[in-house]
Amino acid sequence: MNIESGIVYSAAFLFLVKYSRLESITNHIKARLYQRELDNALRVLRPPASLVDFCSNDYLGFASSARLKEMVLAGLDANPGYTTGSTGSRLISGNDTFTEDLEQQIADFHQEEAGLIFNSGYAANVGLFSSLAQRGDTIITDELIHASVIDGARMSHANKYIFKHNDPGSLEEKLKVAKGRIYIAVESVYSMDGDEAPLNEIAELAEKYGAGLIVDEAHAVGIKGPGGRGCVNLHGLQNTALARVITFGKALGCHGAIVVGSRALRSYLINFARSFVYSTAAAFYTHLSVKMAYQYLQETDHQVSIEKKISLFQALSRHLPVAISDSQSAIQGIITCGNERTKGLSLKLASHGFDVRAILHPTVPAGKERLRVCLHTFNSDEEISGLINTLQNHL
Ligand SMILES: Cc1ncc(COP(=O)(O)O)c(C=O)c1O
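Rules used in this analysis
- Counting restarts for each chain, with residues numbered from 1 along the sequence as it is written.
- Reporting in this predicted model follows two pLDDT cut-offs: at least 70 for local features of residues, and 80 or more for side-chain atom pairs to be given and counted; totals over whole chains, interfaces and linings ignore these cut-offs and use all residues.
- Side-chain measures here rest on the full set of heavy atoms in the structure, leaving out hydrogens and waters.
- UniProt positions are given in the numbering used here, feature names are shortened, and annotations may be inferred rather than shown by experiment.
- Proximity is defined per residue: any heavy atom of the residue falling within 4 Å of a molecule or strand makes that residue near it.
- Here a polar contact means two N or O atoms within 3.5 Å. Within protein one must be a hydrogen donor candidate and the other an acceptor candidate, and residues neighboring in sequence count only if both atoms are side-chain atoms.
- When residues are grouped by polarity, Ala, Val, Leu, Ile, Met, Phe, Trp, Tyr, Cys and Pro land in nonpolar, Asp, Glu, Lys and Arg in charged, and all others, Gly among them, in polar.
- Each helix is a run of DSSP H or I of at least 4 residues and each strand a run of E of at least 2, with the numbering of both proceeding from the N terminus.
- Only strands that DSSP links by at least two bridges are regarded as paired with each other.
- For helices, the fitted line uses only the C-alpha atoms of the stretch in contact; every axis is such a line through C-alpha atoms, and the angle between N-to-C directions lies from 0 to 180 degrees.
- We call two residues in contact whenever any of their non-hydrogen atoms come within 4.5 Å of each other.
- Take the buried residues of types Ala, Val, Leu, Ile, Met, Phe, Trp, Tyr and Cys, join any two whose side-chain atoms come within 4.5 Å, and each joined set is a nonpolar core.
- Note on classification: 1.4 Å probe, protein chains only; a residue is buried when its accessible area is under 20% of the maximum for its type, exposed when over 50%, partly exposed between these limits.
- What fixes the domain bounds is an automatic or database domain assignment.
- Each patch is assembled from residues with relative accessible area greater than 30% and no salt bridge, linking like charges that lie within 9 Å and nonpolar side chains (Val, Leu, Ile, Met, Phe, Trp, Tyr) that lie within 5 Å.
- Using the Shrake-Rupley algorithm and a 1.4 Å probe, accessible areas are obtained, with residue cover drawn only from the displayed protein chains.
- A pair is scored as a salt bridge if a Lys or Arg side-chain nitrogen falls within 4 Å of a carboxyl oxygen belonging to Asp or Glu.
- Angle categories are assigned with fixed cut-offs, so that under 35 degrees is roughly parallel, over 145 is roughly antiparallel, 65 to 115 is roughly perpendicular, and the rest are oblique.
- Crossing handedness is defined as follows: a turn of the near helix away from the far one that is anticlockwise and smaller than a right angle gives a left-handed crossing, while the clockwise case is right-handed.

The protein carries the name Aminotransferase class I/II-fold pyridoxal phosphate-dependent enzyme in an unreviewed UniProt entry, which gives Hufsiella ginkgonis as its organism. What the UniProt record of the protein gives under Sequence similarities (unreviewed entry) is the line "Belongs to the class-II pyridoxal-phosphate-dependent aminotransferase family. BioF subfamily." Reading the Cofactor (unreviewed entry) entry of the UniProt record for the protein gives the comment "pyridoxal 5'-phosphate".

Engineer: Could you clarify how one ought to interpret the site of the ligand in this entry?
Structural biologist: In the vicinity of the ligand lie 13 residues, with Gly121, Tyr122, Asp216, His219 and Lys250 positioned nearest. Contact distances for the ligand include 3.1 Å between an oxygen atom and a side-chain N or O atom of His146. Partitioning the shell around the ligand into residue classes produces two nonpolar, eight polar and three charged.

Engineer: Hey, could you run me through the UniProt feature "domain: Aminotransferase class I/classII large" (unreviewed entry) in the protein in this one?
Structural biologist: Following the UniProt record, one finds the feature "domain: Aminotransferase class I/classII large" (unreviewed entry) at residues 51-382. The distance separating the terminal C-alpha atoms of residues 51-382 is 14 Å; by composition the span is 40% helix and 16% strand.

Engineer: What is the right way to read the sheet that holds strand S2 (residues 114-118) from this model?
Structural biologist: Across the sheet, which stays open at both edges, the seven strands sit in the order S2-S8-S7-S6-S5-S3-S4 with mixed pairing between neighbours. Each end of this open sheet is capped by a strand with a single partner; those strands are S2 and strand S4 (159-163). When the angles between neighbouring strand axes are averaged without regard to direction, this sheet yields 20°. The sheet contact formed by strand S3 (residues 138-142) and S4 spans five bridges and is parallel. Bridging across to S4, Ile140 finds its partner in Tyr161. Contacts between helix H7 (residues 199-209) and the sheet are confined to strand S5 (182-187) and strand S6 (212-216), with S5 contributing the most and set at about 175° to the helix.

Engineer: Sorry, what's going on with the nonpolar core here?
Structural biologist: A general feature of soluble globular proteins is that nonpolar side chains tend to end up buried together. Judged by nonpolar contacts, the single largest core of 52 residues is most densely connected at Phe54, Phe248, Tyr294 and Leu387. Per-element tally for this core: the top contributor is helix H11 (residues 284-299), with eight residues. No fewer than three residues from each of domain 1 (52-63 + 301-394) and domain 2 (82-299) sit in this core. Setting aside anything within four residues of it in sequence, one finds Phe54 in contact with Phe354, Asp355, Val356, Arg372, Val373, Cys374, Leu375, His376, Asn379, Glu383, Ile384 and Leu387.

Engineer: Before we go on, may I ask you to explain a nonpolar patch on the surface in this structure?
Structural biologist: Together, Leu22, Ile25, Ile29, Leu33, Leu42 and Val44 make up a nonpolar patch on the protein surface, roughly 540 Å² of accessible area in all. Structurally, Val44 is set in the loop between helix H1 (3-38) and strand S1 (52-53). Residue class for Val44 comes out exposed when judged on its relative accessible area of 58%.

Engineer: What is the right way to look at the pairing of strand S8 (residues 257-261) in this model?
Structural biologist: A regular strand places its side chains on the two faces of the sheet in alternate fashion. S8 sits mainly inside the fold: five of its five residues count as buried. Alternating residues of S8 divide into Ala257, Val259 and Gly261 and Ile258 and Val260, and every residue in both groups is buried. Alignment of S2 against S8, held across five bridges, turns out to be antiparallel. Among the inter-strand pairings, Ala114 is bridged to a residue of S8, identified as Gly261. Pairing of strand S7 (residues 243-247) with S8 involves five bridges; the strand directions are antiparallel. Residue pairing for S8: Ile246 is matched across the bridge by Ile258.

Engineer: Can you walk me through the packing of helix H12 (residues 302-317) against helix H14 (residues 381-394) in this structure?
Structural biologist: Describing two packed helices takes the angle between their axes plus the distance from one axis to the other. The N-to-C vectors of H12 and H14 enclose an angle of 25°; their axes lie 10 Å apart at closest approach. Our classification of the angle between H12 and H14 gives roughly parallel. Relative to H14, the crossing made by H12 is right-handed. Here Lys309, Leu312, Phe313, Leu316 and Ser317 of H12 lie close against H14, whose contacting residues are Asp381, Ile384, Ser385, Leu387 and Ile388. For the contact of H12 with H14, the class distribution of residues is six nonpolar, two polar and two charged.

Written out as structure tokens, the structure is:
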């Protein structure tokens, strides 16, 4: 073979290698999607439907509140110099006194020393867990903890243990064998079933074993505790928990999250939480709407309105021939079992005008698939009874 044909052959060989690698990537993508389809678990984005909302996290109706919108617009008028973008991460050009004051106001509201805003609850949990725990430390999580905590814990390289859902005995077994500094992660109100963690017992165990307790209050703030402060305040644990993650995208109807805790913790996160350090800060509008949402929360007793809807749903759903989650929160789980059945029921409800989402395996364990009903202050009593009647006819 002469030099020229050698060059042609090796170019052809490299082309084939490249082509088959690219083909293998495409096949991998298609195969995984196909498997999801076979499992009846393929996720697709849907445009908003004009159905009765029994699925959003806007429990108190803040996201669509005319009053809150008015407050935000007045805030924009009062700050004509605001920019549409924050222009950088908080450590470079994206910081301002408005955001720092807001962090302190929120921390004061939750009776904590300090707070640090993140761009989302996901970013807050990932930043918190990945930076706090080090190799040799241990993170112990409830088996139903949110994916953002799991991802943060994975990134930390710490040892990981999972305890049985809401079971202090199971937590203690893990605490007995845990090494290094120990962190316990729980949600005060669980996102799938709306049930509450036994926070007092968990806090006692944290104290007994010298563990740092971290409570994700995503689904509790606005709904639980005095003035909607959440379950940590409800149980008077504000000086006991190491940190609380509070998200703005649920009952507060906004976007973003804050970690509240000690001043030292805030400073630690500013230095080591990579999801904080390496991300552009949210724009003024986002922080302004959070500030106004906290003001609106204190303006009216929203908790009484949501509690009425929860009581009505519980009274009516008692007669359904399926298990209902043990929840005193805005999230109610109807355990329907099986991806196909649960998806079918969700579609049937949609055809009757109700938007109730199916929570499928692998998001929940196989056999625990459910309809997740989110109640809102704006759901009328007729809508709630209509939903239950429709379920009664199709279960
Ligand atoms: C318990 C819990 N933590 C954290 C998050 C993430 O919050 P965000 O939607 O602001 O990223 C969620 C949202 O699904 C959640 O349910």
